[in-house]
Every structure is written in C-alpha cells, then in structure tokens.
Amino acid sequence: MAVPVLDSTLRLSVPLILAALAGLFSERSGIIDIGLEGKMLGAAFAAAATAALTGSPWAGLAAGVGVSVLLAMVHGYACITHRGNQVVSGLALNILASGLTAVLGVAWFAQGGRTPQLPGEARFLLLEWPGAAALRDMPGLGAVYGELLSGHNLLVYLAFLAVPAVGWVLYRTRFGLRLRAAGENPHSVDAAGVPVPGLRYRALVCTGVLCGVAGTYLSLAQSAGFINDMTAGKGYIALAALIFGKWRPVPAMLACLLFGLLDAVAIRLQGTDIPGVGEVPVQLVQALPYILTVVLLAGFIGRAVPPRALGVPYVKER
Amino acid sequence: MSAVATGPAAGLPRWAVLALLPGLNLLAAFAVSGLVVVLIGENPWQVVRILVWGAFGFEEAIGYTLFYATNFIFTGLAVAVAFHCGLFNIGGEGQAYVGGLGVALVCLHLDFLPFALIVPAAVAGAALFGAAWAFVPAWLQARRGSHIVITTIMFNFIAASVMVYLLVNVMARPGSMEPETRGFAPHAYLPPMHEALGAVGIEIAASPLNLSFPWALLCAAGVWLFLWHTRAGYRLRAAGASPAAALYGGISPPRQVLVAMLVSGALAGFMSLNELMGVQHRLVLEFTAGYGFAGIAVALMGRGHPAGVVLASVLFGALYQGGAELAFEVPRITRDMVVVIQGLVILFAGALEFMFVPALRAALLRRVGG
Amino acid sequence: MPFPEEPRNTAEGAGAPAVELRRIDKRFGAVHANRDVSLAVAPGTIHGIVGENGAGKTTLMNVLYGFYRADRGEIRVAGRAVAIGGSQDAIAAGIGMVHQHFMLVDTFTVAENVILGVEGGALLASGTERARRELARLAREYALEVPPDALAGDLPVGLQQRVEILKALYRGAGVLILDEPTGALTPPEAGHLFRILRRLGAQGKTVILITHKLREIMAVTDRVSVMRQGRMVAHRDTAGTTIPELAELMVGRRVLLRVEKGPARPGRELLAVERLSVHDPRGAPRVRDVSFTVRAGEIVGIAGVAGNGQSELLEALAGLRPVSGGRILLAGEPVGSGRPGLRRRGLAHVPEDRRRMGLVMPFEARESAILGYHDDSRYRRAGLLDWAAVSRDTAGKMSAFDVRPAEPRRITAAFSGGNQQKLVLAREIERDPLVLLVGQPTRGVDVGAIEFIHRRLVAMRAAGKAILLVSAELDEIMGLSDRILVMYGGSIAGELPAGRATEQALGLLMAGAGTRRAARGAR
C-alpha cells in the first residue's frame, strides 16, 4: 500500500510544488501573491482549450504559460506600476479567472464549462523508464523504480528538477541576489543603481511561467481537459506550503509533499475504519494543511518570518 | 470639511476622489467586461439593455435585486469595519458560513420559541457564530502577530471542511443522502417583504426580499453611528489609522483588532439570515456562494462608508439579478459573467484605485491653475 | 525675484571642481526644496554642507545621487556635464553616498551587501571572491575593518556605516557623500569616522559631509557651504569662519542662544523617578537604574546622543513602555501599570515623533485634537461623541496656539510640521497638567514656531508646572533647562545645573566619561 500512496502523493504534489515555487519568486521579491490560484486556473483553461484546438500539448503548454504570465503582468501593473494593494489585486485576479474560464468555456465549447475530452496525443503522457514494466512486480527497489520513479509524465520530472534550479537561481546568481534584496530592502537595490520595478516585473514573469506549467499539468497531464474550478484551492494550499516552508525552495517542496500526502491519504481513508481510532473524518485530513499553516503562523511550531518588504509598495519620489 | 484630499490622490479636490474616481474605475471595469462580451461574440449594448431591464425593469426584478443587495450589504459592511481598523478581513465567506450554523442551530433546536423570540435568537446566533469564527484569526493577529490575510484565507477553507463534515455526518436530515438539514419550522421563516408590507396595506410584487433587508439598512446606519459617533468607533479608527498614535492616546491596538474583527464577523454572519431564514429555510452546503468575497468589492467600491456600501450593494445586486435574466435570455452568457464583472471591479476600483489620478490631476489642476 | 547671494566665486585653485552643481531647482508639490542652488567642491577636500532640518541639504544630495531628478539645473563631475537620471548614473560618474538610513539588507552578509549591483557577472561565485580580496585591501588602506561574512543586521551601527562606505569605495567612488553620518553614532565612533574621512581626503577622495552639527563642520571640513530654506546662502573656508557666524547664516539672524526666562523657583516634587529600569521587547536593557526628580516650576533637560535610553525613559514615564524595575511617583503618588489614568492625574506628554505618535495623520484636526482625551465627558452628549463641542474646543486651541489654517476639519497631514506640533502642544498644555513630558519639541519645526514653542514652555514653568525635556538639540537643552541630566548607555552619566553646563562638559558626559571625571572636566 505504501508505494501506491507515495506514487499518488508525488502526482498530487506536482502542481503544489510548481505553484509554491512560483509564489516564491513573487514573494521573495516583495510582492504578495494570493493570485496563484487564478493564474493556475487561467493556465489550465488556456492549455486545455489550445490543446483541444491544435491537438498539441506543447501548444497547450505555451498557451497556459502565456495566459499565466499575462495575469502576472496585470498583477505587476497594479502592484508595481500603480502601487496598488497586493492582496486586493491577487484576489481580483482569482475571481476574474474563475469567472472568465467559466464564461468562455460555456461560450466556446458549450459543454457546461468543460473543454472537450482530449485524446492521448494532445496530453502529456506517462514516460515509461526502461525495464520498468519488468521490475514493477518485484518487491522493494523494483517497485520503487517501476512504479514510483518511472511512469510519470514529463511535467512531474520538470517540477522536481525545478526545485534545485530555483534554489540555484535564488542563491547563486546575480538575479537571485538582487531579487532577495528587493524583498528585504528595496531601497538598497535602488541605491545600488538597480531599478526595483524592472526586477520585480522579472520576478513576476518567473511566477507566471511556473504557475502556467502548474495549471497546464492539471488540465493536460492529470486530467484530459479543463473542468470548471479545477484548481479547487490548490493555489491557496501552495501559498500555505510556501509559508510553511518559510519562503525557501526545498522546505517549500517538502511542505508540498506533506500536503500532497495528506491529500492522497484522505482519498484512501474515505469510509475506512482505522483500528483503535475509528473512522477519521476525511474533512479533517483535508483541512490539515490549512490548520498546520495557521498553527505555524501563530508561532507555535517555529516562526515564519516573511521577507521584510513583503506587501509594501516601493515608493520612489521623483 | 477640507476641500483637498491627501494620500496618493493628494491635491485633487475631494469630490473628484469621492465620486469621479470611483466612477471612472467602474467605467473601466464595465468597458473591459464589454470586451469579454464581444469576445464571446455577443453585442455588449444588447447585454447592457437586458441587464438593466432584468434588474430594474419590473417590480419583481427590483425585489430580487434588493434581495441580492441584502447579502452584499452585510458582507460589504463586514469588510468595511475591518478596513477602518487597518485589517483586511478576507474571511467573510467563512464567517458567513459558520454564522449560518448558528442560525440553523437556533432554528432547529429552539423552535419551541415563538416567532418574536426565535428571530432575535437567530440574529444573536448568526452574530455569535460569525464573530467566533473571526475571533481566532483576530486573536492570532492581535497577540501573536500572525498575518490576518493569510489566517482568514485558511479559516475559509477550514470552515468549508467543518461544514461539510457537519452537514454530511452530523446534521444531515435522517434518511437523506443530501448534505442538508431538515427544514426549519415555518415560524422560523423570515417573512418576505411583500407579506410584511401587505399586512400594513402596501402591495408589492412577490420576491424573496425579506425582513433581512430593513435589518441590513439598520446595520448600515448602526455601523455609521458606531464608527464616527461613538468612542468605541473613534478608538477603532485611530488604531487603524496609526497604531502608535492610538497607543499614545491610551488605546490598545490589539484590543481594537479584536473589537473590529468581532463586529466584522457578526456582520458577515448576518448574511446567513437572508439566505437561510429568508429563502432556503434549512442549512445547505455552500449557501454563501462567494458573497463573502464579493463583500470586498462592495467595500472597495463604497469606499468603506456605509452609505457607499449600500449603493455598491444595490449595484452588485442589480448585476446578480440582471445577470440571471441575461443567462436566461442569452444562453451563451452564463451567470458567471457577473463573477467576471466582480473581479474587474475589484481590480479597477481596488488594486488600480489610483490609476486615473495622474490623468485627473492633469485635467483638473491645469484648468484651475491656468 | 532677487537672489540673496549669487555664489559665483567658484574659481578656486587650479583644475575643475570634483563636483559642481549649477542652479539646481527642485519642487515637491507646494514645497520648494531647492531654489537655484549652486555648489562647487574642490577635489581631495572635505566639504561640509550645513543647514537646519528642512533647509534642503538632503534633497540637494539626493539630486546629485540620482534619487530625485532636478526640475532645472546642471550637474558637472570633474568639469564635464553629466546627466544623472538614476543612482546607476551617479555610480558610473564616480559618486557614492552613505545615506542617513543605511541601505543595507540585514539578512545579507557584508560581502553580499557590497557586491549588490556590481556582482561582476550573472553568477555570484567569482564576484564574491573578488569582493573578498578587494574588501581586505580597502580595510588595510583606509582602516575600514569589517568581517566580510557577518550578517549586516548583526553589526553595530558604526560598523554598518563602514559597510556603506566600503560599498561606495568598492564601486570606485571618487566623491563620497555622507548624510548626517553621526546621528546614530557615539562620540568615539564619530571620532573614528572623522579619522577615516581625513584619510580618504588625504588619498585624493572628495568628501561631501551633510550635517546640522556645527562642531563637526569645524572639526573636520576644509570648506563649508550653508543652506537656508532651500537656498545656498554662503560658502566659507572653514579656517576663516566661526560657529556663531555659521549659526547666524543658518537661521538668517542672530540666534537667541538663551531663551528669556526668569529665575527658577522650584516648588514641591511633582515627578519622582526611583531606580527605574526599562527593557525593550527583546529583553535588552534600555534604561538602567535611573533616579531623578522634577519639581514644580522647573524645567529639567535630558541630553544625550540619540539611542542612549532617553526615548525609552520618556515613553516609560508616559506609560507607553512596561517598566521592569523601580517606580515612578506622580505628585507623590506611585504610578501603577494602569496607563489610562495618567492623563487624568495631570500627566501630559508631547511625544518625540508627532507624525507617528502624537497625531493621527489621516484624521481631521479636531479628531487628532482629542486623542487621549476622547473619553472626556465634555466631548460627549447622550453617549455619543459631540462633534460640535469638539469643533468649538479645537477652534479655541487653534487660536490660542496660532495654528494655521485654523480649520478644525482640515486633515491633520495637510498642516505644516510647525502647525502640527503646535496642535499637539495645544492639546497637551491646554489641559493645565501638573507634569509635562516633552520630546524633541522643535524637531523639523520652522524658526518662528520654535520661538513660540519655547515661550510656551517657559510660561508653563512660570505657572508652576514640572517639565521634563528631552531634546537632541544641545542649544535647546541649555537654553531652556534649569538642570540638565545626561544619559549614556541607559544610565544617568551626570547632572549639571544650567549655570555650569558648558557644551564641553555636556559633551564629555554624553561621550560616556564617568560622572566624576566629567565634573572635574567642567570645572
């Protein structure tokens, strides 16, 4: 039972990991992003719609990323250029995305908000590793190799590769140094001769790209098309994981895996009795990520210190 | 009254900030909504005509418009009160949801009470449960410094899980698979306005508009009185505008956070009176249907003032009711179009609040100066 | 409009000035921060710019560093006109700036802070290595030792400032601007800074030093320019000028060094502080075992370098900070932890930071004018706030304290600094308190208002009130106080009667010299 649960944990964590890393770029640069949900939803819809029309998952991915980046740029325009309230802007984009995907879905495809069921070649399919089929039935390492490691789609591997990549960008490159500085003390960046707005816009582009991949994963890999409101709060869970991971790539990934595990367990727990405990309410398991995050924020388990300039619009007088 | 505004809109006359700027923002939101309609392939002018007709074109429509507006008034006031204390209460959705639990408990278990007692008891239940759900994030903000935006978001999700659990496992009508409670006793229904007014000889068309509506207006007046004419309101606003100055003035900002959030949560809880006692007559899943979030748009649009909140609520109520008619008349446009407009209003009236300031400044001040 | 003094006497020495500003003009809305300002700084010199708060010094330097864009005027560096549109242009032109509030990232190491903006490539590894070597070299050359791997936020203020200087030098700055660099430094730290500056000058760097402390100007600069109300009013060789001359140029007329006041007639003890200790929220001691009294009819001044516990003492006395030891007696009665009662018992408090604490900026003036007294029954009718009464009351205070414009419903933030301060004083003084705590009463206030405020404080003293004055302006402390306490490191380093308090004696105490030694020095 362990391997299947871990297997579905991996799959359920993927959109969370991508979205949490997306939020990491934005928030480490000083911009609150509660709009991860909306960007994912918009991307999921755009990817499914495009894949349905073109039959190509790659075109779908491009469209998903494009729409997500566009939404991120609207967020930037409101929060960076016009110094608007970052929470309000993120919320607006979430609501806008949930409305637009529903309205356009019905108007364009007339299937009650769904996009057409995608054939296999229009999706990201599972990649079978060499020899996996043969090893799958072997206990131990064989099962791990055959089922856990092999047999995922490209985007799953991409998500796990993205974690060290984001860490490398953040801590080992000039862009990362400046981005972190902008989130802690934007005045220092400005005084060093680097314009803060350009830096934050670039951070938001990264946010858009990663959210776009996350959304595309939902509609082209996990499912075969777009379903109304298919993100179902994953953007907020990713935000919670980002906070839970204290705005660092690897801890955020671990938080996503934990939340993914809870989700996987919740699905299997439904209606089953655990000896000695009785039936664990599945809703409790589903709510655990939020409860854990609140407990963390309350400072009862460690302390989550956000980037110091997070949420403060950078004002430069002229 | 000072004639000149301060802050990001500094230098502009107050009337421009209070009326012209929100008007322009709203126009921008509508213009982009029009583009979406064009994208769908419909005629935006036609859509506007149906919307306005559907919202105000006949007596029953007005009743529906005001019925929806009632929900918005409650959740809008909830957000506005928190705003004045410098807090962003995104948890209206969850507070309204849990407030509904309070209403249902009263209506289901205290139904031996007569109408004259069960209604105040339900009002108290809604306020108590809504406030209680706001209390934990408020306490965490006040005493442990946890960011209230994040905690209230989390509490919305926790509320959703709790309510599903209760409705499925605990409170469900015996023998039913539906996640809903049994119906309330008829004397726990809030009488619709056409009956209430009919009793005093005023005839209006039948609609779900019920006694919650006058209660909402009363709450709006109460919030106005509270914020600007009581010492408690003064303390709350001082803490919101400047915590350090409030502390200096002998006011405890953490305490004000608790007060503001309790009032806010209670107001959000009242939304459930309208939905549950006015229409559903039982507790159902997800009856809040996004009204809690929409309250943010309403509060932003109404600039945090109760009168503005009422006006914005009527506008949003009209959109909801008009949107329902629109979906009926033009099947290619679903009611989700209203959600799109809502999102755009929040974007333009909230996040892009000051987008038109430079243009306005150039237009207005040049004329005055030269 | 005629200009008071056209500074055209820039032909000094041979070669072009290191920096030259020509006819710089800068407005912020209604505020004319720089009016037609010209300045030439010779290479390899330390050039001071003095002026009161709000004279336009910082604005001028921010224009030079590209933070602000001038409305008019020209900037020349080493004889060539340069267009400075942002800090990157200033850095490219060889200008570095050490800001009043340091521009450091607390969570970065010193080395990371130094390379920010000049990383030397898309990857950090090589740049960090180069920075390490360069930091070691600069440390040797200019006595600027800083541990390169320490987190900037963990360093004491003096070292943080060195990091700022290192940042500028690392970028190859030939011209270094320092904005009020000693504001947060102890006297020994300031002394070390001045040695560094002299060394920089000797190595051919040009230093521009902005300050309002005339003693620093006399101690370290070669030449000095004076600004007043946005204009450049004079340039002098430091050797050829005196503190009184500079002071007069700064304020535009002879300075009243002594405020007119009668002899002190101290009465009974109205405020007594016994072995008071205060810790900050992190548990660090801020006030250590402090005891003193203030009697009716006297002004007791507290002097000290900023950050030596004066602010914490004042806030603790006002009930805004928890007391960790000792006790406070108000008119002989001990003060408990209950703050709200203090005002009713006759304790009034003009806080140091009126914008953050003394007033609620977005409120109407009448709302700000009842802050702290909002529970008073005179502002209440039928359980609600009686705004008509509040308006009448505020209008009365405004006319008594000459607050302009006298509009009770004007937004507080829309008043000038001086008028805001008068509103705070009106609120606190009109209640006829027994004890008045005053913090920085004239910070950022125009000259006319300063005189008005000083006269009101002296009038309070004549009326038999006990006044405790905390101020960063030594002249103000010396001019108003009957007795002067000096705080250093949270303790009272010494007490001097006004008659014996010289700048020298106070300076020694402020520098942390022990009470006895300082007293001997004063004799």
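Computed from a prediction, not measured in an experiment: that's the story for all the values here.

**Overview of the overall build of chain C**
And step 1. Counting its secondary structure elements, chain C contains 18 helices and 22 strands.
And step 2. Relative to its length of 523 residues, chain C is compact, with a C-alpha radius of gyration of 25 Å against a globular reference of 24 Å.
And step 3. C-alpha atoms of chain C, sized along the principal axes, occupy 70 × 55 × 50 Å.
And step 4. The buried share of chain C, taken over its 523 residues, is 48%.
And step 5. Contacts in chain C between residues at least 24 apart in sequence constitute 67% of all its contacts with a sequence separation of at least 6.

**As for the overall build of chain A**
And step 1. Scanning chain A from N- to C-terminus turns up 13 helices and four strands.
And step 2. The C-alpha atoms of chain A give 20 Å as radius of gyration, which agrees with the globular expectation for 318 residues (20 Å, within 12%).
And step 3. Counting only C-alpha atoms, chain A reaches 65 × 50 × 40 Å along its principal axes.
And step 4. Pairs at least 24 apart in sequence give 75% of the contacts found in chain A among residues at least 6 apart.

**Notes on the domain arrangement of chain C**
The accessible area lost on association of the parts is a frequent measure of interface size.
And step 1. The domain architecture assigned to chain C consists of domain 1 (1-94 + 212-250) and domain 2 (269-364 + 409-522).
And step 2. Computed from C-alpha coordinates alone, the two centres of domain 1 of chain C and domain 2 of chain C are separated by 34 Å.

**Side note on the interface of chain C and chain A**
And step 1. Taken together, the contact between chain C and chain A spans 21 residues of the former and 19 residues of the latter.
And step 2. The dominant element in the side of chain C that touches chain A, judged by the number of residues it contributes, is helix α2 (residues 87-92) of chain C, at three residues.
And step 3. Its residues assigned to classes, the side of chain C that touches chain A comprises 10 nonpolar, seven polar and four charged.

**Side note on the nonpolar core**
And step 1. Counting 404 residues, the largest nonpolar core has A:L18 and A:A241 as its most contacted members.
And step 2. Shared between two domains, this core takes at least three residues from each, and those domains are domain 1 (1-94 + 212-250) and domain 2 (269-364 + 409-522) of chain C.
And step 3. Not counting residues up to four positions away in its chain, the partners in contact with A:A241 are A:L16, A:A20, A:A252, A:A255, A:C256 and A:F259.

**Concerning the interface of chain A and chain B**
And step 1. In this complex, chain A contributes 35 residues to the contact, which on the side of chain B involves 40 residues.
And step 2. Contributing elements (two or more residues each) for the side of chain A that touches chain B: α3 (57-81), α4 (86-109), α11 (234-244) and α13 (282-297) of chain A.
And step 3. Ranked by the residues each element gives to the side of chain A that touches chain B, the list is headed by α4(A), at 14 residues.
And step 4. Split by residue class, the side of chain A that touches chain B holds 24 nonpolar, 11 polar and no charged.

**Re the sheet that holds strand β4 (residues 72-77) of chain C**
Where strands meet in a sheet, backbone hydrogen bonds hold them as pairs that are either parallel or antiparallel.
All names here are of chain C.
And step 1. The strand order across the open sheet built from four strands is β2-β1-β4-β5, with neighbouring strands paired in antiparallel fashion. Two strands close off the open sheet at either side, each with one partner strand: β2 (31-41) and β5 (80-82). Ignoring which end each strand starts from, the neighbouring axes of this sheet average 30° apart.
And step 2. Pairing of strand β1 (residues 19-28) with β2, which is carried by seven bridges, proceeds in the antiparallel orientation. Looking at the pairing, V19 lines up with V41 of β2.
And step 3. Of the strands in this sheet, β1, β2 and β4 touch helix α1 (residues 57-64), which is tilted by about 115° from β1.

**Digging into the sheet that holds strand β8 (residues 206-211) of chain C**
Residues and elements named next belong to chain C.
And step 1. The six strands are arranged β6-β7-β8-β3-β9-β10 in an open sheet whose pairing can be described as mixed. Pairing within the sheet leaves two strands with one partner each, and these edge strands are β6 (95-98) and β10 (231-237). Strand-to-strand twist of the sheet, defined as the mean angle between neighbouring strand axes without regard to direction, takes the value 20°.
And step 2. In this structure, strand β7 (residues 175-179) lies alongside β8, joined through five bridges in parallel fashion.

**Description of the pairing of β6(C)**
Residues and elements named next belong to chain C.
And step 1. The side-chain alternation of β6 yields two buried faces, one formed by I95 and M97 and the other by G96 and V98.
And step 2. When β6 meets β7, the two strands line up parallel, connected through four bridges. Bridging from a neighbouring strand, M97 pairs with I177 of β7.

**Points about helix α10 (residues 196-222) of chain A**
Residue and element names in this part refer to chain A.
And step 1. Over its 27 residues, α10 extends 38 Å from the first C-alpha to the last, a length consistent with the 39 Å expected when each residue adds 1.5 Å.
And step 2. T216 marks where α10 bends most, by close to 30°.
And step 3. Here α10 lies mainly inside the structure; 21 of its 27 residues are buried.

**Things to note about the pairing of strand β21 (residues 483-488) of chain C**
All names here are of chain C.
And step 1. The buried fraction of β21 is high, at six of six residues.
And step 2. Here β21 shows two buried faces, one formed by R483, L485 and M487 and the other by I484, V486 and Y488.
And step 3. Taken together, the four bridges between strand β13 (residues 298-303) and β21 define a ladder with parallel strand orientation. Looking at β21, one finds that A303 is bridged to V486.
And step 4. In this structure, β21 lies alongside strand β22 (residues 491-497), joined through six bridges in antiparallel fashion. Considered in β22, the bridge of M487 is made with I492.

**A look at the confidence of the model for chain C**
Residues and elements named next belong to chain C.
And step 1. Taken as a whole, chain C shows an average pLDDT of 85; of its residues, 91% reach a score of 70 or greater.
And step 2. Contacts of residues 1-14 to residues separated by more than four positions or lying in other chains number 13 contacts, the stretch itself having pLDDT below 50.
And step 3. This model gives residues 515-523 a pLDDT under 50, and the stretch forms 15 contacts once residues within four places in sequence are excluded.
And step 4. Here the prediction assigns the complex a pTM of 0.86, and the interface score ipTM is 0.90.

**Quick word on the environment of B:F157**
Residues and elements named next belong to chain B.
And step 1. Relative to the assigned elements, F157 resides in helix α6 (residues 148-170).
And step 2. Residue classification places F157 among the buried positions, given that 21 C-beta atoms sit within 10 Å.
And step 3. Taking the C-alpha atoms as reference, F157 lies 7.4 Å from G94; in sequence the two are 63 residues apart.

**A word on the packing of helix α5 (residues 115-144) of chain B against helix α11 (residues 253-280) of chain B**
All names here are of chain B.
And step 1. Relative to each other, α5 and α11 sit at 145°, their axes nearing to 6 Å. The element α5 and its partner α11 pack so that their crossing is right-handed.
And step 2. Class assignment of the residues belonging to the contact of α5 with α11 gives a composition of 23 nonpolar, six polar and one charged.

**Topic: helix α4 (residues 92-109) of chain B**
And step 1. For α4(B), which comprises 18 residues, the first-to-last C-alpha distance of 25 Å matches the rise-based estimate of 26 Å (1.5 Å per residue) to within 8%.
And step 2. For α4(B), the buried fraction is high: 15 of the 18 residues fall into the buried class.

**Things to note about unusual backbone geometry**
Residue and element names in this part refer to chain C.
And step 1. For the bond from R404 to P405, the omega torsion is -10°, close enough to zero to count as cis.
And step 2. Tracing the chain through its elements places P405 in the loop between α13 (387-400) and α14 (417-429).
And step 3. We note that A331 has phi near 50°; this positive angle belongs to a residue other than glycine.
And step 4. Mapped onto the elements of the fold, A331 is located in the loop between β14 (325-330) and β15 (333-334).
And step 5. Given 17 C-beta atoms within 10 Å, A331 falls into the partly exposed group.

**Things to note about the packing of helix α1 (residues 2-28) of chain A against α11(A)**
Residues and elements named next belong to chain A.
And step 1. Two elements in contact, α1 and α11, have axes whose closest approach is 8 Å; the angle formed by their N-to-C orientations is 60°. When the axes of α1 and α11 are compared, the pair comes out oblique. Judged by the sense of rotation from one axis to the other, the crossing of α1 with α11 is right-handed. Side by side, α1 and α11 meet where P15, L16, A19, A20, G23, L24 and E27 of the first sit next to K234, G235, I237, A238, L239, A241 and L242 of the second.
And step 2. Looking at the contact of α1 with α11 residue by residue, the class counts come to 10 nonpolar, two polar and two charged.

**Structural notes on the environment of C:L159**
And step 1. Tracing the backbone shows C:L159 in helix α5 (residues 157-170).
And step 2. Residues C:L159 and C:P266, spaced 107 residues apart in sequence, show a C-alpha to C-alpha distance of 45 Å.

**As for the environment of B:S313**
Residue and element names in this part refer to chain B.
And step 1. Mapped onto the elements of the fold, S313 is located in helix α13 (residues 306-329).
And step 2. On the basis of neighbour counts, which here come to 30 C-beta atoms within 10 Å, the residue S313 falls in the buried class.
And step 3. Between the C-alpha atom of S313 and that of A294, which follows or precedes it by 19 residues, the distance is 9.5 Å.
And step 4. In this structure S313 touches A69, F72, I73, G76 and V298, once residues within four positions along its chain are discounted.

Parameters and conventions
- Residues numbered from 1 in each chain as written.
- Chains lettered and ligands numbered in written order.
- Predicted model: local features only at pLDDT ≥ 70, side-chain atom pairs only at ≥ 80, totals over all residues.
- Helix = DSSP H or I, 4+ residues; strand = E, 2+ residues; numbered from the N terminus.
- Rg over C-alpha atoms; globule rule 2.2 N^0.38 Å.
- Buried ≥ 20, exposed ≤ 12 C-beta atoms within 10 Å, placed from the backbone.
- Contact = placed C-beta atoms within 7 Å.
- Domains from an automatic or database assignment.
- Nonpolar A, V, L, I, M, F, W, Y, C, P; charged D, E, K, R; others polar.
- Core = buried A, V, L, I, M, F, W, Y, C linked by C-beta atoms within 7 Å.
- Pairing = 2+ DSSP bridges.
- Axes fitted to C-alpha atoms, helices over the stretch in contact; angles between N-to-C directions.
- Expected span 1.5 Å × (residues − 1).
- Bend = angle between axes of the 7 residues up to and from the residue.
- pLDDT = per-residue confidence, 0-100.
- Left-handed = near helix turned anticlockwise from the far one by under 90°.
- Parallel < 35°, antiparallel > 145°, perpendicular 65-115°, else oblique.

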